Amino acid sequence: MPSVVKINVLTVPAEQREVLEKRFASRAGAVENSDGFEWFELLRPVEGTDQYLVYTRWRDEASFQAWMEGAMQASHGGASQGGGEGGERPKPAASGSTLWSFEVVQQAAPKTP
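Visitor: Describe the overall build of the protein chain, and please don't skip the residues or the numbers.
Guide: Helix and strand counts for the protein chain come out as two helices and four strands. In sequence order, the secondary structure elements of the protein chain are arranged as β-α-β-β-α-β. When each of the 113 residues of the protein chain is scored for burial, the buried share is 26%. Partitioning the contacts of the protein chain with sequence separation of at least 6, the portion at a separation of at least 24 is 69%. Here the protein chain displays about 7,900 Å² of accessible surface, and carbon together with sulfur accounts for 54% of that area.

Visitor: Help me get a handle on the nonpolar core, residues and values and all.
Guide: Membership of the largest hydrophobic core is limited to seven residues, which are Leu-10, Val-12, Leu-20, Phe-24, Tyr-52, Val-54 and Ala-93. Looking at this core, the elements with two or more residues in it are helix 1 (17-26) and strand 3 (51-58). Excluding its chain neighbours within four sequence positions, the residues that come into contact with Phe-24 are Leu-10, Phe-40, Leu-42 and Val-54.

Visitor: Report on the side chain of Ser-34, specifying residues and quantitative values.
Guide: Within the fold, Ser-34 resides in the loop between helix 1 and strand 2 (37-43). For Ser-34, the contacting residues outside a window of four places in its chain are Trp-58 and Trp-67.

Visitor: Give me the lowdown on the sheet that holds strand 4 (residues 96-103), citing residues and values where you can.
Guide: A sheet is described by the order of its strands in space; here four strands give the open sequence 2-3-1-4, paired in antiparallel fashion. For this open sheet the edge positions go to strand 2 and strand 4, each flanked by a neighbour on one side alone. Across the sheet, the mean angle from the axis of one strand to that of its neighbour is 15°, orientation sign disregarded. Where strand 2 lies against strand 3, six bridges are found, and the strand directions are antiparallel.

Visitor: Before we move on, could you go through the pattern of salt bridges and cite the residues and values that matter?
Guide: Taken as a whole, this structure holds six salt bridges when the rule is applied. The residue Glu-61 makes a salt bridge to Lys-6 at a minimum N-O spacing of 2.8 Å. Of this pair, Glu-61 sits in helix 2 (residues 61-76) while Lys-6 is found in strand 1 (residues 4-11), placing the two residues 55 residues apart along the sequence. For Glu-61, a relative accessible area of 33% corresponds to the partly exposed category. When the shortest N-O distance is used, the salt bridge between Glu-21 and Arg-44 registers 2.7 Å. Here Arg-44 lies in the loop between strand 2 and strand 3 and Glu-21 lies in helix 1, a separation of 23 residues in the sequence. A network of salt bridges, in which partner residues are shared, links Asp-35, Arg-59 and Asp-60.

What counts, and where the lines are drawn
Residues numbered from 1 in each chain as written. Predicted model: local features only at pLDDT ≥ 70, side-chain atom pairs only at ≥ 80, totals over all residues. Heavy atoms only, no water. Helix = DSSP H or I, 4+ residues; strand = E, 2+ residues; numbered from the N terminus. Buried < 20%, exposed > 50% of the residue type's maximum accessible area, 1.4 Å probe, protein only. Contact = heavy atoms within 4.5 Å. Areas by Shrake-Rupley, 256 points an atom, 1.4 Å probe, with all protein chains shown as cover. Core = buried A, V, L, I, M, F, W, Y, C linked by side-chain atoms within 4.5 Å. Pairing = 2+ DSSP bridges. Axes fitted to C-alpha atoms, helices over the stretch in contact; angles between N-to-C directions. Salt bridge = Lys/Arg side-chain N within 4 Å of Asp/Glu carboxyl O.

Honestly, it's all geometry; don't read function into it.
Structure (structure tokens):
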């Protein structure tokens, strides 16, 4: 069964870029222990777009769905993330989000001597 790739496309205004990156940095390790997790990258746009790409790779769709329904929901759920008064959640850094899904059909890695 091929791995699956999920790319979350986040539209992030220039003034929110640093906020978004700090939030991801503060959650380092949040996904790495999830069953079926294979890879994560946060890709910052260089030119021509205000969209960040959040790239994750999973053993299978079921692993991704289990993470979405468990750990991810807990980290994005009703618990305060600090930074808001009275337990309010901070304003999202992204103004829009789209999820793309792919199956890995070919891959290559550097050859080791």
